[in-house]
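These are the residues of each chain, in order.
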Amino acid sequence: QSRGISELTPMLPLGAQMRRYTEAVIAAAETAADYSAVLQMQGSADTEASPVTPMDVIELEKRMLTVLPEGGTLNQVKAEQPTTTYAEFKRQILGETGRCLNMPINVTLGDSSDYNYASGRLDYQVYRKSTNIEQADAEEVVLDVTFERWLSEAILITGYLPLKARNTEAIDWQWMWDGNEHVDPQKEANAQDTRLKNGSTNLAQEYSKIGKDWKTETTKWINEVKFIAAGLGITPADYLKLTSQKPQPVSNAKDDEDES
């Protein structure tokens, strides 16, 4: 893309091929449907001896009983074009179109009926990593540059930003992207609990996976514990002992809009 060539360029001829193949399959089916039947004559096509002229057209009535000329056989036209391979052909073409984006075929098709749980996750991992790289590039090339330019203008407005914001070198920011939902939230929750206990991860990393800020979510959790404990007439520490709660993400579900 730096050279002005889209990463979708490899898929352009594939779309044309799939369109041509689709049109060929439809044309074959329409051709077979246009002819009700073909009268095949045995022996010589002698027009004087046979009452049927070659390439002649005969109108047929529905549910009628007819008698064929001597030596004639009535056959229905069949679509000899390989229509049985049409579904597999489209699947392979669509799979190739998604490869330029590292997109697995079940995402391209919007159909995971042929996948099991492990296969679906395994194929999706490459696509997720590719998406994360694209997001990182967007942050570096577009978002960070836009924010820095906005900040340079905003600090010129008296009282628009806090005083500490005037020191641009001390400002740290982070872009939050939508997280990826897990197919099995219970398995992911157990895995998160294990990683947090053995120290291989932290709240910031786990919350960032689901597109949330760990400071904001932890503050919400602390406020909820204080509110519930006050309603029960006990201390927050006693409430935590009763529930064995601790702040960690368990799903990518939407937060309730009611913050009260």
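The structure presented is a predicted model; accordingly, all values stated were derived computationally and were not measured. (Residues numbered from 1 in each chain as written. Predicted model: local features only at pLDDT ≥ 70, side-chain atom pairs only at ≥ 80, totals over all residues. Heavy atoms only, no water.)

**Q** Give a description of helix H5 (residues 185-198) that names residues and reports values.
**A** Residues three or four positions apart in an α-helix share a direction because the helix packs 3.6 residues into each turn. Look at H5: 20 Å from first C-alpha to last across 14 residues, which is about the 20 Å you get at 1.5 Å a residue. Listed in full, the buried residues belonging to H5 are Glu 188, Ala 189, Gln 192 and Asp 193. For H5, the angular spread of the buried residues around the axis is 140°, confining them to a single face. Residues of H5 that are exposed and point over 90 degrees away from its buried face: Lys 197 and Asn 198. Taken together, the buried residues of H5 touch helix H6 (203-209). Just past H5, the residue Gly 199 takes up positive phi, approximately 80°. (Helix = DSSP H or I, 4+ residues; strand = E, 2+ residues; numbered from the N terminus. Expected span 1.5 Å × (residues − 1). Buried < 20%, exposed > 50% of the residue type's maximum accessible area, 1.4 Å probe, protein only. Arc of directions from axis to C-beta. Contact = heavy atoms within 4.5 Å.)

**Q** Give a description of the pattern of salt bridges that names residues and reports values.
**A** Across all of its chains, the model carries four salt bridges by this definition. Arg 195 is the salt-bridge partner of Glu 206, the closest N and O atoms lying 3.1 Å from each other. Highlighted residues: Glu 206 in helix H6 and Arg 195 in helix H5, separated in sequence by eleven residues. Given a relative accessible area of 0%, Glu 206 falls into the buried group. Arg 195 gets classed as partly exposed once you look at its relative accessible area, which sits at 22%. (Salt bridge = Lys/Arg side-chain N within 4 Å of Asp/Glu carboxyl O.)

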